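# Structure at a glance
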2 protein chains.
Amino acid sequence: MEDPWATSPQPPSAPHPRSPPGPGADLHLDLRLDLPERGATGVRTALIRSLRDAVRGGRLAPGTRLPSSRSLAADLGIARNTVADAYGELVAEGWLTARQGSGTRVARRVVPPEPTPPRTPPTAGPGGRPTYDLRPGSPDVSSFPRAAWLTAARRALTAAPHDAFAYGGPSGRPELRRALADYLARARGVRTDPERIVVCAGFKQGLAVLSRVLRAAGERDVAVESYGLDLHWDVMRRAGLRTVPLPVDGRGARTDELAGLTGVRTVLLTPAHQFPTGVSLHPDRRAAVVDWASRTGGLVVEDDYDGEFRYDRNPVGALQGLDPERVLYLGTSSKSLTPALRLAWMVVPGHLMDDLLAAKGTGEWPTAGLDQLTLAEFLDSGAYDRHVRGMRLRYRRRRDQLIAALAERAPQVRVRGIAAGLHAVLELPPGTERSVVQGAAWQGLAMDGLARFRHASGASPGGEPGDVLGDALVVGYGTPPDHAFSGALEALYRALPG
Amino acid sequence: MEDPWATSPQPPSAPHPRSPPGPGADLHLDLRLDLPERGATGVRTALIRSLRDAVRGGRLAPGTRLPSSRSLAADLGIARNTVADAYGELVAEGWLTARQGSGTRVARRVVPPEPTPPRTPPTAGPGGRPTYDLRPGSPDVSSFPRAAWLTAARRALTAAPHDAFAYGGPSGRPELRRALADYLARARGVRTDPERIVVCAGFKQGLAVLSRVLRAAGERDVAVESYGLDLHWDVMRRAGLRTVPLPVDGRGARTDELAGLTGVRTVLLTPAHQFPTGVSLHPDRRAAVVDWASRTGGLVVEDDYDGEFRYDRNPVGALQGLDPERVLYLGTSSKSLTPALRLAWMVVPGHLMDDLLAAKGTGEWPTAGLDQLTLAEFLDSGAYDRHVRGMRLRYRRRRDQLIAALAERAPQVRVRGIAAGLHAVLELPPGTERSVVQGAAWQGLAMDGLARFRHASGASPGGEPGDVLGDALVVGYGTPPDHAFSGALEALYRALPG
């Protein structure tokens, strides 16, 4: 499939054996017609490529007059019509110009490309590319179930109706919405039907569409947890919303304070496993937020990013199940399967559905249909459940390994948020977080401190700075591949204050 | 994978054989512990599901006091701890409340979901769902090369490095950018290297990111062809840009008029095959636009949506090849392969690269990594070329069939824009376009008139209404599956004015 003309080495500088003198002479060194393709079409194609390449590469300078088609044809031993055709094509493309009386010339406007500046690779820390990565937010991507996924893709592609290959609608494939409705009811206690599900190209897209809908409806302020992902707050800010931090403590977000936030009618929460502190929203707080939404007509946006991974008892069911009309549920395949799939799902209260689909249909683009069908098959066949079960065991083993080793090697460090998810919080002595993170980076271990996830305007609604949590590390034990996990833990122990 | 509790039929109303009188009596009719899962965990899980289902379905009303764990355990013949665990779990989820002294009750805040209103399917015309579809813009999706795509997916997944399953960067997978650089140079005369390519989730995403970059750089007005896709103009408008129409005639867009548009430094064009008129941009106009961009420091955005499909001679090479620093090339797999893939590519001038990657990295979301790897393999293996060749033959046969039949059945209709692409323009007698389109819709044939694609403020820059093209149909002969093509043509002939 290589273009022999584009990649052939520079032609030898010896003159072409058949070159006569004359106006074509300038070309002899540049045109090598090896005729790799047969027939008149092949010759013409080869000639076009060769001439284009010569102009492109600067070997034929702008303004250069080309030999007449008769002369070049004779020179190359090919038909004159073929040369005339090739010239015509290159004139049509703008490489050459043809003017009555001045013959065919290389166009003056062909500008050589600027050299591409070398891109510097992103550096992870002052010590350069890290050897180990314990930053939270990514599953162990080496565990992607390639064979099972391929099996599902084969079945899905074979069974797919033709319209699966057309432009898709904003709500996503019906096959996937059916499979998700079953799965979410069974595994997460979500109350829904396929008509209430909207498939999106990742969590961020869903949040972006929702934010635009809320802003268009006149909303301005959205409460968020005072510790969380700046990435998500940015999505809302770009839609014109303001994020108001709600303090987080050992029982999760202070949803009991929502009533005091004037003008706030929407709150974004991570109830199953607060990110990054790792606590579950306390039952009282769950009740408080659903009561608040019901009383005020407010909306709770439930980010259920890793709800499948809970280790010591059954997963806590989704908050959405308590009030499907006031809780919008957002789930994703990024933690349970792979972020490379770009598939997430929203379970939408009925009153928001039309606006949301309208906003997604006009402002956004459809989600990849083939992947949706494959995920539907993956869910329906039970492969998703099997994969999640396997990963739950694997992550739990890692968590246990982390806790056991910490108890032995760094008994002074308290570990929090370990009941679920792919990360834990390690409490540090006051004032040490920054130096521990920097020291680890110098030794090739990428880690995040808790402060990195704090909302910039983190003062509590009352104005007290009471929601600043102590120094801590957020350790993503799901991130490294299996073979690197022990090494990453070793590096972690070395980085901890003695 | 079904939840037996969620889907089991209503239990018989006969009292439970082991039911004693007392506070547990209310529950007997609702709890059916068939114990499909073994062991204490299985019993607890079944009990949790059963109770949750009873609350959710309204069989246990809000505020109902539940039996004590001791009493329910005796009632069901299971361990008391299991009941206590299940209650604890449901309290944690918010279904139940537990208060000292008042026992365990069904939470008051559990709101039943509103019934989902039935969604009305989109209607294609007054006659309801069309039998035939000759609207332009979609390839024949029944021709998607399923087997070849699966082969590529298997190879790509098998060979993929682990990082292919992690979050991807904004520029896209290096494997795909390499494959595209080769392909675009070979097939479209694009001058690039992989570092200049940015993969995006469809043409619209690319245009949206670019529009934001232009707006942030202070641009305000963008020239567009006076006939084109409203969908694309909308994307630019949402980024805060204004679209200024450039007249279109039989030689394509009047790029010679760009110099007269004060303040316009960007133009969006479809040079290879103007959409919807179907003409190629005339060599003089190609020269004019590249000269304009070079002289003014302007930018040409080249929408090469169907450049691969040209029938009577070689494809016209991309405009980008004339000046890679002033032309930004946008290509897509939506016409050549399937819109369901959501993969497109931009070839970006060096001076825009940093801003574009920054805008895409923050405002957008990464593109699906697995599909990118599969497309890379599909390109590298030659399967893409084979598919395009096959489709080119197939579409050309359709075009020839359309032209031949029109010559015989409707010789008064002139056909335009037939050298390339998946659609043709059929000229109609003045004043008939609207009635023809409506009449066709009534007969189950979906079609678009040319007027549908006209820019709303379509007056020419000088103010004359000189760019209004005559009545015509835009016939997408690529859209129907093979088996429906003859029928669609029959319907078309019937709809034409006699």
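This one's a predicted model, so the numbers in the text were calculated from it and none came from an experiment.

### Here we look at the overall build of chain A
Scanning chain A for helices and strands turns up 14 helices and 17 strands. By residue count, 57% of the 498 residues in chain A fall in the buried class. For chain A, the proportion of contacts with a sequence separation of at least 24, taken over those separated by at least 6, is 73%. Entry remark: accessible area of chain A is about 19700 Å², with carbon and sulfur atoms responsible for 52%.

### A closer look at the confidence of the model for chain A
Residue and element names in this part refer to chain A. Looking at chain A as a whole, its pLDDT mean stands at 84, while 84% of the residues score no less than 70. Counting contacts from residues 1-30, a segment whose pLDDT is below 50, to residues more than four positions away or on other chains yields 52 contacts. Counted against residues more than four places away or in other chains, residues 459-465, with its pLDDT under 50, gives 10 contacts.

### Concerning the interface of chain B and chain A
With 96 residues of chain B in contact, the opposing surface of chain A contributes 96 residues. A combined buried area of about 8300 Å² lies between chain B and chain A, and 54% of that area is made up of carbon and sulfur atoms. In this structure, the connection of chain B to chain A is made through 0 salt bridges. Linking chain B with chain A are 12 residue pairs in polar contact (both at pLDDT 80 or more). Broken down by element, the side of chain B that touches chain A gets its largest block of residues, 8 residues, from helix α5 (residues 146-159) of chain B. In terms of residue class, the side of chain B that touches chain A is built from 42 nonpolar, 21 polar and 33 charged.

### Some thoughts on empty space enclosed by the protein
Empty space among the atoms can be located by rolling a probe the size of a water molecule over them. Under the criterion given, the structure shown has 10 cavities of 30 Å³ or more. What the largest cavity holds in volume is close to 170 Å³. Along the walls of the largest cavity sit 15 residues, with A:W149, A:A153, A:D371, B:A153 and B:D371 positioned nearest its centre. At the level of elements, α5 (146-159) and α11 (369-380) of chain A together with α5 and α11 (369-380) of chain B are the ones that each hand at least two residues to the lining of the largest cavity. With 5 residues, the top contributor of residues to the lining of the largest cavity is α5(B).

### A short note on the relation of the copies chain B and chain A
The transform that puts chain B on chain A rotates by 180° and translates by 0.0 Å along the axis, for an RMSD of 0.1 Å. What the superposition gives is, in effect, a two-fold axis relating one chain to the other. A shared binding surface is used by both copies, with 99% of the interface residues of chain B retained as interface residues in chain A.

### Focus on the environment of A:A358
All names here are of chain A. Positionally, A358 belongs in helix α10 (residues 350-363). Its relative accessible area of 44% is what places A358 among the partly exposed residues. Between the alpha carbons of A358 and R52 there is a distance of 47 Å; along the sequence they are 306 residues apart.

Rules of the game
Here the residue numbers are simple positions, counted from 1 along each chain's written sequence. Working convention: letters from A go to chains and numbers from 1 go to ligands, in the order in which they are written. Only residues with pLDDT of 70 or above have their local features reported here, since the model is predicted, and side-chain atom pairs are shown and tallied only from 80 upward, although totals for entire chains, interfaces and linings are computed over all residues. Hydrogens and water are ignored here; the side-chain numbers use all heavy atoms of the structure. Put simply, DSSP H or I for four residues or longer makes a helix, DSSP E for two residues or longer makes a strand, and each gets a number counted from the N terminus. Working definition: with a 1.4 Å probe on protein chains only, accessible area under 20% of the residue-type maximum means buried, over 50% means exposed, and in between means partly exposed. Two residues qualify as a contact provided that any one of their heavy atoms is within 4.5 Å of a heavy atom in the partner residue. Method for areas: the Shrake-Rupley scheme with a 1.4 Å probe, in which residue coverage is limited to the protein chains shown. Known as pLDDT, the predictor's confidence for each residue is given on a scale from 0 to 100. Throughout, the accessible surface (probe 1.4 Å) given up by two parts as they are put together, summed over both, is called the buried area. A side-chain nitrogen of Lys or Arg and a carboxyl oxygen of Asp or Glu constitute a salt bridge if their distance falls within 4 Å. Counting of polar contacts relies on pairs of N or O atoms within 3.5 Å, with two restrictions inside protein: one atom must be capable of donating a hydrogen and the other of accepting it, and residues adjacent in sequence are counted only when both atoms are side-chain atoms. All amino acids are sorted into three groups, where Ala, Val, Leu, Ile, Met, Phe, Trp, Tyr, Cys and Pro are nonpolar, Asp, Glu, Lys and Arg are charged, and the leftover types, Gly among them, are polar. As defined here, a cavity is a set of points on a 1 Å grid over the protein atoms alone where a 1.4 Å probe fits but cannot get out. A pocket is an open set with protein on both sides within 12 Å along at least five of seven lines, and residues line them when an atom is within 4 Å of a point. Grid points are joined across faces, edges and corners, and a volume is the space filled by probe spheres set on the points. Superposition of the copies used a least-squares fit over C-alpha atoms from residues whose pLDDT is at least 70 in both.

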